[in-house]
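# Survey of secondary and tertiary structure
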Amino acid sequence: MSTLRSPPLPIRLAVHAVVYLGAFTMLLPMAWMVLTSLKTDLEAAQAPTWATLLPSVPQWGHYHEAIRAADLDRFYWNSALAAILTTVLGVAHNALAGFAFAKLRFAGKRVLFGLALTTMMVPIQVYFIFAYIICSKLGFVDNIQALIVPFLASGFGIFYIRQVMNAVPDSLIEAGRLDGMNEFDIFWYVARPIIWPAIASLGVFTFVFSWNNLFWPLIVVDSERSKTLPLAIADLSAGQYVDSWPVQMAAGTILIVPLVVVFFLLQRAFVQGVAVTGIKE
Amino acid sequence: MPIRRSNTAYLFLLFPLGILLVFTLIPTLLGIGLSLFAWDGGPDPSWVGLNNFTDLASDAKFGPALRNTIVYVLGSVPPMVIIGFLLAAAVQASWFKGRVLVRTMFFLPTILSIVAIGYVWRWLLEPEAGLVNWALRLVGVVNPPDWLNDEQWALRSIIVVTVWRGIGFCMVIYLASLATINRSLYEAAEVDGATPGQVLRHITWPQVAPTTAFLFITGVIGSLQVFDVVFVMTGQAENDATNVLNLYIYRLFTYGQLGYAAAVGVVIFTITLLATAAQLTWTMRSRRAEQGAA
């Protein structure tokens, strides 16, 4: 592979400068959030000067304060349980459905796949009222089921897995069948190992979506005890901590830590997953 | 080769399709129907025909919400996609140092929760102690605005935050697409003596057209449904300067005006379908024109 002629050095330097400046502004807000969370209220409330950019004495107590004052540990647990169960169960079901649409033959396949795709197009604002009513009839409202069960299947997830299943050769599936495997064994022992990265990507997407979801929890969560972390943190500003930016920034930091951890652990799955989504047409 | 018929397929599909049916498809049909009723959630909804929609035309809150939503879509999607493209093209160049690092840094905000992002930006944009106005004063701006409380600046600020958060996603998708471009096209251009700018304009950009279409279509669909970022940054008090359709639906729902809320939902759905159809038509027409020219 021949490399292209490079532009002159000043242009290359300028491009690097612009791109790295942009990349820096991606991290700056998060860095400022963490810095602020460690300042005293007084330090944070003053117009910043060069001298007060860094906290003089790190106020780790703000984290404790944010957690205790707003019961964040309980909401952490609600959010984590909802996100983990949605991810594990949802990915399993979407993967099986995507496998069926890609590799099995049955009557009504096109119609059923069309229905699954349709759900991708409809904005939640059209269906949330009756989704809420159905959840309340089932006794889900204000329970963790409401945060999990409606998300155990998604048109996007099914579509995504069906697309990546193309990478599994039909001959392998046929060979599995000749060996006497049933459909589930074929899915588990033949298809799943091949598309494992895509399953991981879908898992990461599902986790992030569930963890960050705001609109639906606002609708289905009524009481204190069932709140998710984003709801609890959105409420922080309305409560007694409205004036304490450092405590709010501590709460914000608490909210993003699991995402940052998941992101760095599974960065490859993330970026590859996004890439596959983008070139699907 | 197709595989023999399988009834196990139905077993695999039963639960996921059941979930979609019960929590999405049926509620969608009922929701569209509800837009023709006045209902407060009580025992008897009353039929009002198209009255909800004619009421919207004279609703003093709906107009600004619709306008703001459209401004938000037009203000955020094109810059996000174009900056994402330029970044990807720059980073993809063989002489660029630190591609993976840059990609990671740009992608990070995409996964962070909007609640956290909204808060940190509210803090950065705070008029007195915020970092943005500090920097502006440092470079000599005497009286920088109170971004989120100034009617002129509030929506623009939200748009900038949206673009800031979205360019990493566009960039990553463009990078994947750029990697599939046939190198020989570039080599031919080099032989012809094309400048880097010409290569970008006449080779790279047309080659990634399907990705651009994908990003525009999904970007428009997503930003027509904007809720989180507005709710967190300015939406907890009602105001016309940054109200958007979904925030309005949420308020109508909390006031118990369910039929009217459903009507606004149908409006969003309709705009979404029209915008998507228009973009698909445009995409296909330009693709055909290109093939005709070739």
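Residues numbered from 1 in each chain as written. Chains lettered and ligands numbered in written order. Predicted model: local features only at pLDDT ≥ 70, side-chain atom pairs only at ≥ 80, totals over all residues. Heavy atoms only, no water.

When its secondary structure is counted, chain A shows 15 helices and zero strands. The C-alpha radius of gyration of chain A comes to 24 Å, more than 25% above the 19 Å expected for a compact globule of 281 residues. Principal-axis analysis of the C-alpha atoms places the extent of chain A at approximately 75 × 65 × 35 Å. The buried share of chain A, reckoned over its 281 residues, is 54%. Here the contacts in chain A between residues at least 6 apart in sequence split such that 74% fall between residues at least 24 apart. When the accessible area of chain A is evaluated, it comes to approximately 12600 Å², of which 68% is carbon and sulfur surface. Here chain A contributes 17 positive and 16 negative side-chain charges, whose respective centroids are spaced 12 Å apart. (Helix = DSSP H or I, 4+ residues; strand = E, 2+ residues; numbered from the N terminus. Rg over C-alpha atoms; globule rule 2.2 N^0.38 Å. Buried < 20%, exposed > 50% of the residue type's maximum accessible area, 1.4 Å probe, protein only. Contact = heavy atoms within 4.5 Å. Areas by Shrake-Rupley, 256 points an atom, 1.4 Å probe, with all protein chains shown as cover. Lys, Arg positive; Asp, Glu negative; His and termini not counted. Charge placed at Lys NZ, Arg CZ, Asp CG, Glu CD.)

Attention now moves to the interface of chain B and chain A. In this assembly, 95 residues from chain B lie in contact with 108 residues from chain A. Linking chain B to chain A there are zero salt bridges. Counting across the chain B and chain A interface gives ten residue pairs in polar contact (both at pLDDT 80 or more). Per element, the largest residue contribution to the side of chain B that touches chain A is 20 residues, and it comes from helix α1 (residues 8-34) of chain B. In the side of chain B that touches chain A, the residues fall into 68 nonpolar, 16 polar and eleven charged. (Salt bridge = Lys/Arg side-chain N within 4 Å of Asp/Glu carboxyl O. Polar contact = N/O pair within 3.5 Å; in protein donor to acceptor, adjacent residues only side chain to side chain. Nonpolar A, V, L, I, M, F, W, Y, C, P; charged D, E, K, R; others polar.)

Residues and elements named next belong to chain A. Of note, W60 is situated in the loop between α2 (41-45) and α3 (61-69). Look at W60 and you get exposed, because its relative accessible area is 58%. For the pair W60 and A250, spaced 190 residues apart in sequence, the C-alpha to C-alpha distance is 9.0 Å.

Looking now at the pattern of salt bridges. All names here are of chain A. Tallied over the full model, the rule gives five salt bridges over all chains. Two residues, D170 and K103, come together in a salt bridge whose shortest N-O distance is 2.7 Å. Separated by 67 residues along the polypeptide, D170 in helix α9 (residues 170-178) and K103 in helix α4 (residues 72-103) bring together distant segments of the chain. One salt bridge in this structure joins K227 and E224, with 2.9 Å as the shortest N-O distance. Taking the relative accessible area as the measure of exposure, K227 reaches 8% and is therefore buried.

Per the domain assignment, the segments of chain A are domain 1 (9-62) and domain 2 (70-236). Once you take the C-alpha centre of each, domain 1 of chain A and domain 2 of chain A turn out to be 37 Å apart. (Domains from an automatic or database assignment.)

The subject of this paragraph is the side chain of E43 of chain A. Residue and element names in this part refer to chain A. With respect to the helices and strands, the residue E43 is situated in helix α2. Although E43 is buried, it makes no salt bridge; K39 carries the closest opposite charge, 6.8 Å away. There is a polar contact of 2.8 Å between the side chain of E43 and the side chain of S56. The residues touching E43, leaving out its near neighbours within four places in the chain, are L54, P55 and S56.

As a further point, take the environment of T110 of chain B. Residues and elements named next belong to chain B. Mapped onto the elements of the fold, T110 is located in helix α4 (residues 99-111). When the C-alpha atoms of T110 and G168 are compared, they prove to be 6.7 Å apart, with 58 residues separating the residues in sequence. Setting aside chain neighbours within four positions, we find T110 in contact with R165, G168 and F169.

Before going further, it helps to spend a moment on the packing of aromatic side chains. Each pair of aromatic rings is reported with the distance of its centres and the angle of its planes. Overall, the coordinates contain 36 aromatic pairs over all chains when judged by the stated rule. When the centroid spacing of 5.4 Å and the interplanar angle of 85 degrees are considered together, the rings of F37 of chain B and W47 of chain B count as edge-to-face. Separated by ten residues along the polypeptide, F37 of chain B in strand β1 (residues 37-38) and W47 of chain B in strand β2 (residues 46-47) bring together distant segments of the chain. Residue class for W47 of chain B comes out exposed when judged on its relative accessible area of 59%. An aromatic cluster of at least three residues, connected via ring pairs, comprises F128, Y132 and F215 of chain A together with F227, F231, Y250 and F253 of chain B. For the cation-ring pair, R192 of chain A lies above W188 of chain A, with the distance from its terminal atom to the ring centre recorded as 4.0 Å. Across from the ring centre of W196 of chain A, 5.3 Å away, lies the NZ or CZ of R192 of chain A, which sits over that ring. (Phe/Tyr/Trp six-rings, centres within 6.5 Å; stacked < 30°, edge-to-face > 60°. Lys NZ or Arg CZ within 6 Å of the ring centre and 35° of its normal.)

Moving on to empty space enclosed by the protein. Following the criterion strictly, the structure yields two cavities of 30 Å³ or more and no others. In this structure, the largest cavity spans a volume of roughly 80 Å³. Taken together, S79, A82, L147, F151, F209, S210, N213, P217 and T228 of chain A make up the lining of the largest cavity. Elements with a contribution of two residues or more to the lining of the largest cavity: α4 and α11 (196-212) of chain A. Looking at the lining of the largest cavity residue by residue, the class counts come to five nonpolar, four polar and no charged. The computed volume of the second largest cavity comes to approximately 40 Å³. What lines the second largest cavity is W32, K39, E43, A44, Q46, P48 and T52 of chain A together with W123 and A129 of chain B. Across the lining of the second largest cavity, the residue classes tally to five nonpolar, two polar and two charged. (1 Å grid on protein atoms, 1.4 Å probe; cavity = no way out; pocket = protein on both sides within 12 Å on 5 of 7 lines; lining within 4 Å. Points joined across faces, edges and corners; volume = space filled by probe spheres on them.)

A few words now on the side chain of N94 of chain A. If you trace the backbone, N94 of chain A turns up in helix α4. A relative accessible area of 4% means that N94 of chain A is categorised as buried.

A few words now on the nonpolar core. By size, the foremost hydrophobic cluster in this structure holds 187 residues, and its most contacted members are L72 and I129 of chain A. Top element by residues in this core is helix α7 (residues 151-178) of chain B. It accounts for 14 residues. Mapping this core onto the domain boundaries places at least three of its residues in each of domain 1 (9-62) and domain 2 (70-236) of chain A. (Core = buried A, V, L, I, M, F, W, Y, C linked by side-chain atoms within 4.5 Å.)

Glancing now at unusual backbone geometry. Residue and element names in this part refer to chain A. Unlike most non-glycine residues, D142 shows phi in positive territory, near 70 degrees. Among the structural elements, D142 can be located in the loop between α6 (124-137) and α7 (145-148). By relative accessible area, D142 is classed as buried at 12%.

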